[in-house]
Amino acid sequence: MEQDWPMLTEKLPFWLEESRKIASAGKVASYIPELARAPQDALGICIAGRDGRQLTAGDDTLSFTLQSISKVFTLLLALMDRGESAVFSKVGMEPTGDNFNSMLKLELVEPGIPFNPLINAGAIVVSSLIRGATPAEKTDRILAFFRELAGDDTLAVNEAVFRSETATAHRNRSLAYFLKDNKVLEENDDVEKVLEVYFRHCAVEVNCRSLARMALVLSLGGKDPETGRELIPRRYVQIAKTFMVTCGMYNESGEFAIRVGVPAKSGVSGGILALVPGRCGVGIVGPALNRKGNSVAGMKLLETLSAAFDWSQF
Ligand code: GLN
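The shown structure was predicted, so the numbers you read here are calculated from the model rather than taken from an experiment.

Caption draft 1: Local environment of the sheet that holds strand 3 (residues 54–58). Strand order in the open sheet made by the 5 strands is 3-2-9-8-7, with antiparallel pairing throughout. In the strand order of this sheet, the two ends are held by strand 3 and strand 7 (264–266), each with one partner. Shown here is a sheet whose adjacent strand axes are inclined to one another by a mean of 10°, direction ignored. For strand 7 and strand 8 (residues 271–276), the ladder comprises 3 bridges, and the chain directions are antiparallel. Among the inter-strand pairings, Lys265 is bridged to a residue of strand 8, identified as Leu273. Along the sheet, helix 10 (residues 208–219) makes contact with strand 2 (44–49), strand 3, strand 8 and strand 9 (280–285), crossing strand 9 at roughly 145°.

Here is the structure:
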């Protein structure tokens with residue numbers, strides 16, 4: 001990585017502007033009304049190296065909400081709270097090939113648990129597993145965890161986005177009630193309270209720098225980049241990274257693995273968190289999405305970087 005830094009510094013602004021050009025081919029998400037306000041042509045990146053260096057380009061200061069990217073980190077917290085066997089008794093380990101908000105397989109396949117923790121149904125179940133007596137207590141624990149990983153004490157929930165999703169999330173509500181009926185959400189899991197936790201962690205606001213720092217911790221196997229202290233057990237990071245490869249880019253994960261080849265997770269806000277194990281963490285935002293729900297320009301930029309620096313893990 002260190003030897004790549006000069007070329008990266010020189011080329012990154014150019015690559016970013018080249019990638020930005022294709023943003024017009026995508027569409028900003030609008031099913032959560034508040035997200036539709038994001039700028040169509042924005043593209044920003046931060047690359048965080050293990051030596052503490054950060055390189056940024058484009059709209060790296062733009063704020064956006066984590067959305068599905070948060071699912072990686074609530075999974076990690078649930079694993080730390082409950083352990084592997086409890087978590088995987090309620091959520092599977094397989095990609096679906098369906099849209100992230102699909103209901104299809106919940107009914108089609110026995111025993112009715114979500115296929116993986118990165119689709120909406122799976123992440124809703126994971127939210128129910130976070131320790132805490134109330135939604136507020138759970139959200140506080142999630143925020144404290146996210147803040148530590150991002151190295152930013154100011155991370156907070158964007159209330160407007162939270163309210164906007166809460167008011168319009170008919171499909172997520174259906175998924176959650178279905179899970180309750182399947183007894184994957186248990187007797188004492190109040191559906192609306194579980195959803196509140198889920199919507200709140202999706203609405204945590206970041207920028208490319210905080211996202212890159214979160215990615216850097218994963219690239220270091222769960223260690224704090226400054227102190228070397230273990231923030232997440234290595235085994236859980238390994239699980240999260242594997243899900244990111246198999247399911248992180250929704251049902252475009254296979255193509256992404258071929259074109260880019262690193263663990264990554266996207267969100268409908270246009271964010272992408274990616275990491276090169278042992279080398280760096282990457283935070284990207286590009287709100288215009290392709291039909292699969294991934295940032296068009298962000299994917300292109302990652303593909304360029306991966307080819308230039310041989311990032312593929314395969
Ligand atoms: N909060 C969003 C939802 O549940 C997250 C989805 C996403 O980013 N793909 O629809």
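Caption draft 2: Highlighting the site of the ligand. Near the ligand you find Tyr31, Gln67, Ser68, Phe100, Asn120, Glu165, Asn172, Tyr198, Cys202, Tyr250, Gly267 and Val268, and these make up its full shell. In the environment of the ligand, a nitrogen atom lies 2.7 Å from a nitrogen or oxygen atom belonging to the side chain of Tyr250. Burial of the ligand by the protein amounts to 99% of the accessible area it has alone, namely 300 Å². Residue composition of the shell around the ligand, by class: 6 nonpolar, 5 polar and 1 charged.

Caption draft 3: Representation of the packing of helix 2 (residues 70–82) against helix 11 (residues 234–247) in the model. Packing of helix 2 against helix 11 leaves a shortest axis separation of 10 Å and a crossing angle of 150°. Seen from above, helix 2 lies across helix 11 with right-handed handedness. The segment helix 2 lies against helix 11, with Val72, Leu75, Leu76, Leu79 and Met80 engaging Tyr236, Val237, Ile239, Ala240, Phe243 and Met244. Considered class by class, the residues forming the contact of helix 2 with helix 11 number 11 nonpolar, no polar and no charged.

Caption draft 4: Highlighting the layout of surface pockets. Considered as a void within the structure, the largest pocket measures approximately 320 Å³ in volume. Elements supplying a minimum of two residues to the lining of the largest pocket: helix 5 (120–129), helix 6 (135–150) and helix 9 (191–202). Of the residues assigned to the lining of the largest pocket, the class counts are 6 nonpolar, 5 polar and 7 charged.

Caption draft 5: Main features of the pattern of salt bridges. Applying the stated criterion to the full structure yields 19 salt bridges. The salt bridge involving Arg53 is made with Asp51; its shortest N-O contact spans 3.0 Å. Its relative accessible area of 36% is what places Arg53 among the partly exposed residues. Judged by its relative accessible area of 43%, Asp51 falls in the partly exposed class. With a shortest N-O distance of 3.0 Å, Arg200 and Glu159 are connected by a salt bridge. Taken as a pair, Arg200 in helix 9 and Glu159 in helix 7 (residues 159–168) lie far apart in primary sequence, 41 residues in all. Judged by relative accessible area, Arg200 falls into the buried class, the value being 17%. Salt bridges here are not isolated pairs; linked through shared partners, they connect Glu17, Arg20 and Asp59.

Thresholds, definitions, all that
- Residues numbered from 1 in each chain as written.
- Predicted model: local features only at pLDDT ≥ 70, side-chain atom pairs only at ≥ 80, totals over all residues.
- Heavy atoms only, no water.
- Pairing = 2+ DSSP bridges.
- Helix = DSSP H or I, 4+ residues; strand = E, 2+ residues; numbered from the N terminus.
- Axes fitted to C-alpha atoms, helices over the stretch in contact; angles between N-to-C directions.
- Contact = heavy atoms within 4.5 Å.
- Near = heavy atom within 4 Å.
- Polar contact = N/O pair within 3.5 Å; in protein donor to acceptor, adjacent residues only side chain to side chain.
- Areas by Shrake-Rupley, 256 points an atom, 1.4 Å probe, with all protein chains shown as cover.
- Nonpolar A, V, L, I, M, F, W, Y, C, P; charged D, E, K, R; others polar.
- Left-handed = near helix turned anticlockwise from the far one by under 90°.
- 1 Å grid on protein atoms, 1.4 Å probe; cavity = no way out; pocket = protein on both sides within 12 Å on 5 of 7 lines; lining within 4 Å.
- Points joined across faces, edges and corners; volume = space filled by probe spheres on them.
- Salt bridge = Lys/Arg side-chain N within 4 Å of Asp/Glu carboxyl O.
- Buried < 20%, exposed > 50% of the residue type's maximum accessible area, 1.4 Å probe, protein only.

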